Amino acid sequence: MKRILIISDSHGINDQMVKVIGHESADLVVHAGDYGWPINKMKQYFDYFVDGNNDYDWKKMETFVFANLKFVLLHGDEYWSWNENKWYERLKQVGKDQDADVVIFGHSHKEYIDADSKPYLINPGSISLPRNDKMHKSYLIMEIDGGKMNFLIKHI
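All of the points below concern the structure found in this document. (Residues numbered from 1 in each chain as written. Predicted model: local features only at pLDDT ≥ 70, side-chain atom pairs only at ≥ 80, totals over all residues. Heavy atoms only, no water.)

## So, the environment of Ile 113
Within the secondary structure, Ile 113 is located in strand 7 (residues 111-114). Judged by its relative accessible area of 34%, Ile 113 falls in the partly exposed class. Taking the C-alpha atoms as reference points, Ile 113 and Leu 140, separated by 27 residues in sequence, lie 9.9 Å from one another. Setting aside its immediate chain neighbours within four residues, Ile 113 contacts Leu 121, Ile 122, Leu 140, Phe 151 and Ile 153. (Helix = DSSP H or I, 4+ residues; strand = E, 2+ residues; numbered from the N terminus. Buried < 20%, exposed > 50% of the residue type's maximum accessible area, 1.4 Å probe, protein only. Contact = heavy atoms within 4.5 Å.)

This is the structure we're talking about:
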């Protein structure tokens, strides 16, 4: 089984994030933007990361293959709509355009999983500044076992 640790929207409040990275065993660690940290620190802790709307030094989108699955990693702000369904449709289309299995995004600070049809949409929420119903900081663990995927939202 392979594990991916997915984090987003840390906004420079990184102590908790570093603890989570040290605590969770993962084969791959990714950040979906709004990291607010120097690039050299990001490279030290993350295999893949992208700029959010508050970052300006890196890539806006990254594609990669891991465990025979193709991923699109982006923050998602450039596709934002106040109509969440429209936003999700736009993100799905980006994934389809890239022939991806999974789209990882952030920006809303709310965790979201749509694993009903590919490309799956995965948002880990915010590890520092949550906007979910209970205001719990969150991150996500994706487990890949053969062709099966399991998504675990973890709250801090």
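## A word on the pairing of strand 2 (residues 28-31)
Judged by which residues are buried, strand 2 turns out to be covered on both faces: Leu 28 and Val 30 on one side and Val 29 and His 31 on the other are all buried. Relative to strand 2, strand 1 (residues 2-7) runs parallel, the two sharing 4 bridges. Residue pairing in the sheet places Ile 6 in a bridge with Val 30 of strand 2. Since strand 1 and strand 2 lie parallel, the crossover through helix 1 (residues 15-23) that links them has a hand, and here it is right-handed. In the sheet, strand 2 pairs with strand 3 (residues 48-49) via 2 bridges, with the strands oriented parallel. (Pairing = 2+ DSSP bridges. Right-handed = clockwise from strand over helix to strand, strands pointing away.)

## Examining the sheet that holds strand 8 (residues 120-124)
Here we have 5 strands laid out as an open sheet, ordered 4-5-6-8-7, and mixed in their pairing. A strand with exactly one partner marks an edge of an open sheet, and here the two such strands are strand 4 (61-66) and strand 7. Neighbouring strand axes in the sheet, compared pairwise and without regard to direction, differ in orientation by 20° on average. Of the strand pairs in this sheet, strand 6 (residues 102-104) and strand 8 are connected by 3 bridges, and their pairing is parallel. (Axes fitted to C-alpha atoms, helices over the stretch in contact; angles between N-to-C directions.)

## Thoughts on helix 1
Looking at helix 1, one finds that the buried residues are Met 17, Val 20 and Ile 21. Seen from one end, helix 1 has its buried residues packed into an arc of 100°, which puts them on one side. Looking at helix 1, the residues exposed on the side facing more than 90 degrees away from the buried face are Asp 15, Lys 19, Gly 22 and His 23. Residues of helix 1 that are buried in the fold lie against strand 1, strand 2, helix 2 (39-45) and strand 9 (138-145). (Arc of directions from axis to C-beta.)

## Focus on helix 3 (residues 84-97)
Between its terminal C-alpha atoms helix 3 stretches 20 Å, which fits the 20 Å expected from 14 residues at 1.5 Å a residue. What helix 3 keeps buried is the set Trp 87, Tyr 88, Leu 91, Lys 92, Val 94 and Gly 95. When helix 3 is viewed along its axis, its buried side chains cluster within an angular range of 155° and face the same direction. Facing away from the buried side of helix 3 by over 90 degrees, the exposed positions are Asn 85, Glu 89, Lys 96 and Asp 97. Where helix 3 is buried, its residues contact strand 4, strand 5 (69-74), strand 6, strand 7 and strand 8. The distance from a side-chain oxygen at the start of helix 3 to the backbone nitrogen of Asn 85 is 3.0 Å, and the residue carrying that oxygen is Asn 83. Asp 99 lies just past helix 3 and shows a positive phi near 55°. (Expected span 1.5 Å × (residues − 1). Polar contact = N/O pair within 3.5 Å; in protein donor to acceptor, adjacent residues only side chain to side chain.)

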